[in-house]
Amino acid sequence: MTLLPPQDPIHWLFALALNALLIALAQRAPLLTPSGWVHAGILGTVLWGSLGWRGWLAVVAYLVMGSLVTRLGLRRKQERGLAEGRGGRRGPENVWGSALVGAVLALIATHAPSRWLEPLLLGFAASFSAKLADTFGSEIGKRWGRHTVLITTFQAAPAGTEGAVSLEGTAASLLGGLLMALVMLAVGLIHRPATVVMVAAVGLLATLAESVLGATLQRRLKWLSNEMVNGLQTLLAALLALTLAHQGLA
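Below, the structure is looked at part by part. Note that this is a predicted model, so its numbers are computed, not measured. (Residues numbered from 1 in each chain as written. Predicted model: local features only at pLDDT ≥ 70, side-chain atom pairs only at ≥ 80, totals over all residues. Heavy atoms only, no water.)

1. A word on the overall build of the protein chain
Part 1: Within the protein chain one finds 10 helices and two strands.
Part 2: From first element to last, N terminus to C terminus, the protein chain shows the α and β order α-α-α-α-α-α-β-β-α-α-α-α.
Part 3: For a compact globule of 250 residues, the expected C-alpha radius of gyration is about 18 Å, and the protein chain comes in at 18 Å, within 12% of that figure.
Part 4: In terms of principal-axis extent, the alpha carbons of the protein chain reach across some 55 × 45 × 30 Å.
Part 5: When each of the 250 residues of the protein chain is scored for burial, the buried share is 50%.
Part 6: In the protein chain, the proportion of contacts linking residues at least 24 apart, taken out of those at least 6 apart, comes to 73%.
Part 7: One finds the centroid of the 19 positive side-chain charges in the protein chain at a distance of 4 Å from the centroid of its 11 negative side-chain charges. (Helix = DSSP H or I, 4+ residues; strand = E, 2+ residues; numbered from the N terminus. Rg over C-alpha atoms; globule rule 2.2 N^0.38 Å. Buried < 20%, exposed > 50% of the residue type's maximum accessible area, 1.4 Å probe, protein only. Contact = heavy atoms within 4.5 Å. Lys, Arg positive; Asp, Glu negative; His and termini not counted. Charge placed at Lys NZ, Arg CZ, Asp CG, Glu CD.)

2. Some thoughts on the packing of aromatic side chains
Part 1: As enumerated under the stated definition, the model contains four aromatic pairs in all.
Part 2: Among the aromatic residues, ring-to-ring pairing joins Phe 14, Trp 48 and Trp 56 into one connected group. (Phe/Tyr/Trp six-rings, centres within 6.5 Å; stacked < 30°, edge-to-face > 60°.)

3. Regarding the side chain of Ser 127
Part 1: Mapped onto the elements, Ser 127 comes out in helix α6 (residues 117-144).
Part 2: For Ser 127, a relative accessible area of 0% translates into the label buried.
Part 3: Only 2.8 Å separates the side chain of Ser 127 from the backbone oxygen of Phe 124, close enough to count as a polar contact.
Part 4: Non-local contacts of Ser 127, meaning those with residues more than four positions away in its chain, are made with Val 101, Gly 102, Thr 234, Ala 237 and Ala 238. (Polar contact = N/O pair within 3.5 Å; in protein donor to acceptor, adjacent residues only side chain to side chain.)

4. Here's the deal with the packing of α6 against helix α7 (residues 167-187)
Part 1: The contact between α6 and α7 brings their axes to 7 Å, and the two run at 145°. For the element pair α6 and α7, the recorded crossing hand is right-handed. Listed contacts from α7 to Phe 124, Ala 125, Phe 128, Ser 129, Leu 132, Ala 133, Phe 136, Gly 137, Ile 140, Gly 141 and Trp 144 of α6 are Glu 168, Gly 169, Ala 172, Ser 173, Leu 175, Gly 176, Gly 177, Leu 179, Met 180 and Met 184.
Part 2: Each residue belonging to the contact of α6 with α7 can be placed in one class, and the counts come to 13 nonpolar, seven polar and one charged. (Axes fitted to C-alpha atoms, helices over the stretch in contact; angles between N-to-C directions. Left-handed = near helix turned anticlockwise from the far one by under 90°. Nonpolar A, V, L, I, M, F, W, Y, C, P; charged D, E, K, R; others polar.)

What follows is the structure in structure tokens.
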């Protein structure tokens, strides 16, 4: 069972000071916009304060892997108009679209009964597994997907179309979700190989569901932004993991 750090003011002040120092040192790295770094510092404080170094390090690994895969084939994606804006740098909306669900679960875990801790951590792990699966699938699929179709109709669609998938992108989604689950295992937030498989499978399922949402509602509702869809995707992954844990299947 994972032990949470002591929840006292000194611990939280340390979390704040540590993240402020690290953000000050890291902000020149081409990962986030200036405001993105500020919000990443807030997120990092929440994660270190609630889950300690395990939760913090897991999400740093997510950020690094997501940023690296975004830069794969970047020049080619830019030529085709498929690259992320701002040279792949993420802003506050990206930070919270990806991590709000996980951050809320981390905070709940600090006050929940001990018997709830493992299911909450499974939800936390699944939310980030789903988001990294989405990032891997999108970035690899846009660059190397050879035959892209709408997930709802299987009709051919240009790469980068909301709700479009490819075999290469789907395989990359599975890889991304599995990598994130292995990180969660390595830092001790999940504990069994079978749980790694479950978290990766939930991440892939939530990613496919996000593609369905993109192909249907997102194409019709202008206010349904990518960040909102990301939040719904991570919420679905967390709820699926919590349900499986409640049923004793995780």
